[in-house]
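# Summary of the model geometry
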Amino acid sequence: MSKVDQLKRVEVAALQDLSVGIGKRVNVSGEEIALFKQKGGTVSAIQNSCPHKGGPLSEGIVSGEHVFCPLHDWKINMKDGQVQAPDVGCVKKYEVEIVGEKVYIFVD
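The paragraphs below set out a description of the structure included in this document. Keep in mind it's a predicted model, so treat the numbers as computed, not measured.

Residue placement: Leu 35 occurs in strand β3 (residues 31-37). For the pair Leu 35 and Gln 6, spaced 29 residues apart in sequence, the C-alpha separation works out to 22 Å. Sequence-distant contacts of Leu 35, defined by excluding residues within four places in its chain, comprise Val 12, Ala 13, Leu 18, Ile 22, Gly 23, Lys 24, Val 26, Val 43, Ser 44, Ala 45 and Ile 105.

Next comes the structure, spelled out in C-alpha cells:
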C-alpha cells in the first residue's frame, strides 16, 4: 500500500476557479494550503506559510515552478516545497489529483 493510499482525499477546488500564476488559499482540517495552477493544467499544493516568517505563499508572486514569499522574497519550488538557495528550508507538499474539473489533495 502506497503512502497516498493511506491518506484522505479531499476536494478543494474546481479547476476553472484556479488561474495560472495566481495562488488560492484553502483550509483543510485546520491546515492552510496554497494551490497553484500551472501552465498545462497541472496543480501544485503546498503549505501556505513560508518557513522564514510565515508569509502567506498563496499571495506570493509566481514565476514558473516557483513562488516568492510576499514578505521577504524567499523563493520556494511549488513542485517539491524546497526553499531555493541561498536560503534553506522547505514547506509541506501535498499530492494532488485532478478528476474532471475537480481538484483533490491528499491529507493525513
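Here six bridges tie strand β2 (residues 23-28) to β3, and the two strands are oriented antiparallel to one another. Opposite Val 28, over in β3, you have Glu 31 as the bridge partner.

Right, let's get into the nonpolar core. Ranked by internal contacts, the top residues of the largest apolar core, which has 15 residues, are Val 12, Val 28, Ile 33, Leu 35, Val 103, Ile 105 and Val 107. Beyond its immediate chain neighbours, meaning those up to four positions away, Val 107 contacts Leu 7, Lys 8, Val 10, Val 28, Ile 33 and Tyr 94. Phe 36, Cys 69, Ile 76 and Val 91 belong to the second largest nonpolar core, which has twelve residues in total.

Strand order across the open sheet formed by three strands is β5-β6-β7, with antiparallel pairing between neighbours. Lying at the two open borders of the sheet, with one neighbouring strand each, are β5 (61-63) and β7 (75-77). Strand-to-strand twist of the sheet, defined as the mean angle between neighbouring strand axes without regard to direction, takes the value 30°. As judged from the three bridges shared by strand β6 (residues 66-68) and β7, these two strands associate in the antiparallel manner. In the sheet register, His 66 faces β7, and the bridge partner there is Asn 77.

What counts and how
Residues numbered from 1 in each chain as written. Predicted model: local features only at pLDDT ≥ 70, side-chain atom pairs only at ≥ 80, totals over all residues. Heavy atoms only, no water. Helix = DSSP H or I, 4+ residues; strand = E, 2+ residues; numbered from the N terminus. Contact = heavy atoms within 4.5 Å. Pairing = 2+ DSSP bridges. Core = buried A, V, L, I, M, F, W, Y, C linked by side-chain atoms within 4.5 Å. Buried < 20%, exposed > 50% of the residue type's maximum accessible area, 1.4 Å probe, protein only. Axes fitted to C-alpha atoms, helices over the stretch in contact; angles between N-to-C directions.

Keep in mind that these numbers describe shape and distance, not what the molecule does.
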